[in-house]
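# Structural overview for review
For reference, the chains in residue letters:
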Amino acid sequence: MGKVRKVENINGFHGVVEYHETTKHHPNRYARSTGYLDWATEPNPFRRYEGIEPIPLPLTKVDPEADYLTLFKRESNSFRPFSLQNIATFLELSMGLSAWKTFGQSSWVLRMNPSSGNLHPTETHLILPPIPENGDQGGVFHYNPFLHSLEPRTTFRDLFWQRIDQHFAREGFLVGLTSIYWREAWKYGERAFRYCNHDVGHAMACLSFSANILGWKVTYLNSLSSSDIGTILGFQKTHWKEFEREEPELLMFVHRGATESRVPRTIPSDIITSFETLQFQGEPNLLSKDHVDWDIIDDVSALTVKPRTDEETYRYRDHDYCEIEPHTSRGAEIIRQRRSAQSYDGKTTIRKEDLLAILDKTIPRSCSAPFDIELGEVSVHLLLFVHRVVGLEAGLYFLIRNDNDYEDIKERCHGHFLWKRVKDAPQTLSLYLLKAGDYVREAMGVSCFQEIASDGAFSVGMIAKFRENVEKHPYLYRNLFWETGMIGQILYLEAEAHSVRGTGIGCFFDDLVHEILGLNDNAYQSLYHFTIGGALEDERLTTLPPYYHLKEANRVE
C-alpha cells in the first residue's frame, strides 16, 4: 500500500511538536488514518518467534493471598524466590490473558494489560539468570502470552550471568518492553505512536503491581539508550518483516522488594557489548500480509530515540494512603477482573470518599507501586469533569500531582477559576474546584462526542507538562505518555476495587480541552483521557476462561 505523510522538520523538539500538532483531533478534522478497517490485513495480536521450541510456563493454581491495598504498599508482601513458577505467575498477572469473549462465530481474547482497540502493540522480553527448572540455563526470552510460554532466543550459562549479577549485587532478572507500531497504525493511523506509548505505561504499571504481590520490585534502568536495549535483546541480529519491527522502549530490573542499598539504573557498556557475542535464533512471525507505510510514525520514533544518559534516582512522597482499611478483595482478583467498559448507564454514582481514595492512589510515593519504578519527575496532572459524585458538587476540578507546578498552571488557566481546595480532602491531595456546574456536554464534546465521557461518575483529562520536558529531551515525549498510561492502569484497578468500571479514551479534541482550561500554548498538553462509572454489560457475549484454548489443544492431543 502507499506511503502516508512524513514529519518535515527533523530538528528534535520542533519535529516532535510538528508530529504532536499534526496528530491532534479537531471537530472538523480528525488525525489521519485509512478511514476504514481493512480486515484482510488486521494484524495478528500475538508475536511469536518461529523456529524455536517454546518453554511452557505453569499456570497459577492458587493466586497470592495479598489483599488489594498491598498491590500498592510493600511492607506486607513476603518475598518469593525467583523460580520459574513465580516468574510465570509474575507474567500471568501482568501481561497474560484474562478472558475470552465470544459472540456468534466470533471470539477474541482479553489481557491483564489493556490496549487501545485491543490491538496490543507491546511485547515483553526477559533476560533470566540460569534457573534450575530450565536446566541451569539463562538467556534472553520472548514471552508469548497466547501460549503462556517463553521463547528462548539465546541461552547462556553461569559465567555469562556472573557479571550482571555482580553489577546489580543482588538477585533478580531483566524485563524489556518493545512496541510494534503497525498494530495500532492499522486502525488509528498517524496517532498510533501516542497509543503505543500509552500501552507501554499501562504495561509498566501491570508489571510493577504483579511484582509487588510476589515481594518483588521493578526499577526502570533510566540510563540505558534505545540502542543498548536493542543490543541486549538481540534485535541487531533479528530479520524483521517490513513495517513489523519491534522498537525498544525500556529495560527494567526486577529484584527483591526490600532492599537497603541503591539499585543501579544502568548496565556497563562492556556487559551490553557481551550480548553481541551470543547467537540469537527465531524468525518473527508475519503479522499482516499488507501494510500502510506511515512515515510520520517512523519519523517521530527516530526523533525520540533515547541516548545513553546519566543515572537518575527519584524520590517522591512518603505519606500513607488516605484509604487504610484492609480491602475485602485480593489484589490478584482485582487484576484478573479488570475490563474496559464499552458504555455506561448514566446514573451510577460514587461517594466523595471513594473519589478521593481513587485520586490519592495516583499520587507517587517512594515505597509504593507502581510509581517507585522511578520513571522520572512527576509531569502529569488531572483535569476532572465531575458528574455523579455523592457529597461533591458537579463541576470542573483539577488535581495537582506535583505541587511545584501549581502556580505555573494556575497562572496559565482562566483567571475566573476559583482554585478552591476541596473540603475534607487529605492535605496531601491537592484537589481544587475550578468551577461548579454541569459539564456533561463539555465532557462528551471534547471526547469526540463519546457518551462514555458524560455517562460515568466522572471523567479525566491528563494534562502533561509538555514543552519544558520535550524541549530539554525529545525522548521524554514517550515518557509523558508512559506516565499517563501508568495513571490509567491505577484508575482501571481502582474502579474495579470500588465496584464500578473504567475505560481509557484515546479520541479527544486536544485543543478544545486546552480551551476549557484557558491554555493557549504548548507548555501543557492533554495526552490521555479516562472515565469511570457504572458499566452496561453486553449480555449477548459469552465469557470463557483465559487459557481454555490450551486445555482444548491438550485434550485433542
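In this text the structure is predicted, and so the values were computed from the model without any measurement. (Residues numbered from 1 in each chain as written. Predicted model: local features only at pLDDT ≥ 70, side-chain atom pairs only at ≥ 80, totals over all residues. Heavy atoms only, no water.)

### Describing the pattern of salt bridges
If you walk through the whole model with that rule in mind, you get 38 salt bridges. In this structure, K361 engages E494 in a salt bridge whose closest nitrogen and oxygen atoms are separated by 3.5 Å. Of this pair, K361 sits in helix 10 (residues 352–361) while E494 sits in helix 14 (residues 476–497), placing them 133 residues apart in sequence. You'll find K361 and E494 in the same group, each marked buried. The partner of K465 in a salt bridge is E468, with the nearest N and O atoms 3.5 Å apart. Here the salt bridges share partners, and the residues they tie into one network are D408, R412, R467 and D521. (Salt bridge = Lys/Arg side-chain N within 4 Å of Asp/Glu carboxyl O. Helix = DSSP H or I, 4+ residues; strand = E, 2+ residues; numbered from the N terminus. Buried < 20%, exposed > 50% of the residue type's maximum accessible area, 1.4 Å probe, protein only.)

### Thoughts on the layout of surface pockets
Where empty space is left in the structure can be found by rolling a water-sized probe over the atoms. Quantified by volume, the second largest pocket comes out at close to 470 Å³. Contributions of two or more residues to the lining of the second largest pocket are made by helix 13 (467–472) and helix 14. Of the residues forming the lining of the second largest pocket, the biggest block, 4 residues, is contributed by helix 14. Broken down by class, the residue content of the lining of the second largest pocket amounts to 7 nonpolar, 8 polar and 9 charged. (1 Å grid on protein atoms, 1.4 Å probe; cavity = no way out; pocket = protein on both sides within 12 Å on 5 of 7 lines; lining within 4 Å. Points joined across faces, edges and corners; volume = space filled by probe spheres on them. Nonpolar A, V, L, I, M, F, W, Y, C, P; charged D, E, K, R; others polar.)

### Some points on the packing of helix 4 (residues 181–188) against helix 5 (residues 192–212)
The description of two helices packed together rests on the angle between their axes and the distance between the axes. Taken N-terminus to C-terminus, the directions of helix 4 and helix 5 make an angle of 130 degrees; their axes are 8 Å apart at the nearest point. When the axis of helix 4 is compared with that of helix 5, the two are oblique. Considering only the axes of helix 4 and helix 5, their crossing is right-handed. Between helix 4 and helix 5, the residues in contact are Y181, E184, A185 and Y188 and A192, F193, Y195, C196 and D199, respectively. Grouping the amino acids of the contact of helix 4 with helix 5 by side-chain chemistry returns 7 nonpolar, no polar and 2 charged. (Axes fitted to C-alpha atoms, helices over the stretch in contact; angles between N-to-C directions. Parallel < 35°, antiparallel > 145°, perpendicular 65-115°, else oblique. Left-handed = near helix turned anticlockwise from the far one by under 90°. Contact = heavy atoms within 4.5 Å.)

### Overview of the environment of F90
Secondary-structure assignment places F90 in helix 2 (residues 84–92). Among the residues examined, F90 registers a relative accessible area of 0% and is labelled buried. Put simply, F90 and S208 are 118 residues apart on the chain and 9.4 Å apart in space, counted from C-alpha to C-alpha.

### Regarding the pairing of strand 11 (residues 247–256)
In terms of burial, strand 11 is largely enclosed, as 9 of its 10 residues are buried. As judged from the 8 bridges shared by strand 9 (residues 172–179) and strand 11, these two strands associate in the antiparallel manner. Following the sheet pairing, L177 is matched in strand 11 by L250. Both strand 10 (residues 216–220) and strand 11 contribute to a ladder of 5 bridges, which runs antiparallel. From the neighbouring strand, W216 faces strand 11, where its bridge partner is R256. (Pairing = 2+ DSSP bridges.)

### Thoughts on the nonpolar core
If you look at the biggest cluster of nonpolar residues, it comprises 115 residues, and the most contacted ones within it are F90, L150, F173, M204 and L384. Core analysis: the second largest hydrophobic core is formed by 27 residues, L383, Y406, Y439 and V513 among them. (Core = buried A, V, L, I, M, F, W, Y, C linked by side-chain atoms within 4.5 Å.)

### Looking at the packing of aromatic side chains
A full pass over the atoms with the stated rule returns 33 aromatic pairs. Measuring from centroid to centroid gives 5.5 Å for Y30 and F509, while their planes differ by 65 degrees, and the two rings are edge-to-face. You can see Y30 sitting in the loop between helix 1 (12–22) and strand 2 (49–50) and its partner F509 sitting in the loop between strand 21 (501–505) and helix 15 (510–517), a full 479 residues away along the chain. Taken together through their ring pairs, the aromatic side chains of Y19, Y181, F193, F466, Y477 and F481 make up a single cluster. Positioned above the aromatic ring of F508, the side-chain terminus of R191 is 4.9 Å from the ring centre. (Phe/Tyr/Trp six-rings, centres within 6.5 Å; stacked < 30°, edge-to-face > 60°. Lys NZ or Arg CZ within 6 Å of the ring centre and 35° of its normal.)

### A look at the sheet that holds strand 5 (residues 106–111)
Taken in spatial order, the 3 strands of this open sheet run 5-4-23, and their pairing is antiparallel. Two strands bound the open sheet, and with one partner strand each, they are strand 5 and strand 23 (542–544). Taking the axes of each pair of neighbouring strands and ignoring which way they run, one obtains an average angle of 25 degrees across the sheet. Where strand 4 (residues 97–103) lies against strand 23, 3 bridges are found, and the strand directions are antiparallel. Counterpart to W100 in the pairing with strand 23 is L544.

### Description of the sheet that holds strand 21
Strand order in the open sheet formed by 7 strands is 18-19-17-15-20-22-21, and the pairing between neighbours is antiparallel. Each edge of the open sheet is held by one strand with a lone partner, namely strand 18 (420–421) and strand 21. Two elements, strand 17 (residues 395–400) and strand 19 (residues 430–436), share 6 bridges in a ladder whose sense is antiparallel. Looking at the pairing, I400 lines up with S430 of strand 19. Each of strand 15 (380–386), strand 20 (458–465), strand 21 and strand 22 (524–533) touches helix 14; the most contacted strand, strand 22, lies at about 15 degrees to it. Docked against the sheet, helix 15 engages strand 15, strand 17, strand 19, strand 20 and strand 22, running at close to 90 degrees with respect to strand 22.

### Observations concerning unusual backbone geometry
For the bond running from A369 to P370, omega is 0 degrees, close enough to zero to count as cis. Considering the arrangement of structural elements, one finds P370 in the loop between helix 10 and strand 15. The phi dihedral of F449 falls on the positive side, at around 65 degrees, and the residue is not glycine. Relative to the elements of secondary structure, F449 occurs in the loop between helix 12 (440–446) and strand 20.

### Concerning the state of the cysteines
Using the criterion set out here, one finds 1 disulfide in the structure. The side chain of C448 participates in a disulfide bridge whose partner is C507; the two sulfur atoms lie 2.2 Å from each other. Across the S-S bond linking C448 and C507, the dihedral sits near -95 degrees, which makes this disulfide left-handed. Placement of C448 in the loop between helix 12 and strand 20 and of C507 in the loop between strand 21 and helix 15 is noted, with a sequence separation of 59 residues between them. Of the residues examined, C448 reaches a relative accessible area of 10% and is grouped as buried. Of the cysteine sulfurs around C206, a residue in no disulfide, the closest is that of C196, at 16 Å. (Disulfide = S-S within 2.5 Å.)

### Some thoughts on the packing of helix 5 against helix 14
The interhelical angle for the contact between helix 5 and helix 14, taken along N-to-C directions, is 55 degrees, at an axis separation of 6 Å. Classed by the angle they form, the pair helix 5 and helix 14 counts as oblique. As helix 5 runs across helix 14, the sense of the crossing is right-handed. Contact residues: helix 5 offers F193, R194, N197, H198, V200, G201, H202, M204, A205, C206 and F209, while helix 14 offers Y477, R478, F481, W482, T484, G485, M486, G488, Q489, I490, Y492 and L493. Considered class by class, the residues forming the contact of helix 5 with helix 14 number 13 nonpolar, 8 polar and 2 charged.

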